[in-house]
Amino acid sequence: MSTGIKPIGARVVIKQVAAEKKTQSGIILAGAAEEKPQYAEVVAVGPGTEEEKMQIKEGEKVIYSQYAGTPVKLNGVEYIIVNQRDILAVIED
């Protein structure tokens, strides 16, 4: 997936997965009650560095630190650029 953003070093470009509009018990959430999701899809990865090898791959779904990254909007799409160390886990389907 080409985003037009090429991260450098051990940085990763992610795109947030849409927030759930309904809880597991079936309650529909109002706009203000929706939580900002902390999971995203990886759309681009940097080459890594000698100190930090790249472990994340494009297309993986990940969980990242709540306040991590720099939000960027390009061509009307919102992305977040995070350091690889701010990614906490890869979601296995």
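Engineer: Help me understand the pattern of salt bridges, please; the structure alone is not making it clear to me.
Structural biologist: For side chains bearing opposite charge, pairing can occur when the charged atoms are close. Throughout the structure, instances matching the rule amount to two salt bridges. With a shortest N-O distance of 4.0 Å, glutamate 41 and lysine 61 are connected by a salt bridge. Highlighted residues: glutamate 41 in strand β2 (residues 39-45) and lysine 61 in strand β3 (residues 61-64), separated in sequence by 20 residues. Note on glutamate 41: relative accessible area 27%, which makes it partly exposed. Residue lysine 61 is classed as partly exposed on the basis of its relative accessible area of 32%. A salt bridge links arginine 85 to glutamate 52; the nearest nitrogen and oxygen atoms lie 3.9 Å apart. Placement of arginine 85 in the loop between β5 (77-83) and β6 (87-91) and of glutamate 52 in the loop between β2 and β3 is noted, with a sequence separation of 33 residues between them.

Criteria and thresholds
Residues numbered from 1 in each chain as written. Predicted model: local features only at pLDDT ≥ 70, side-chain atom pairs only at ≥ 80, totals over all residues. Heavy atoms only, no water. Salt bridge = Lys/Arg side-chain N within 4 Å of Asp/Glu carboxyl O. Helix = DSSP H or I, 4+ residues; strand = E, 2+ residues; numbered from the N terminus. Buried < 20%, exposed > 50% of the residue type's maximum accessible area, 1.4 Å probe, protein only.

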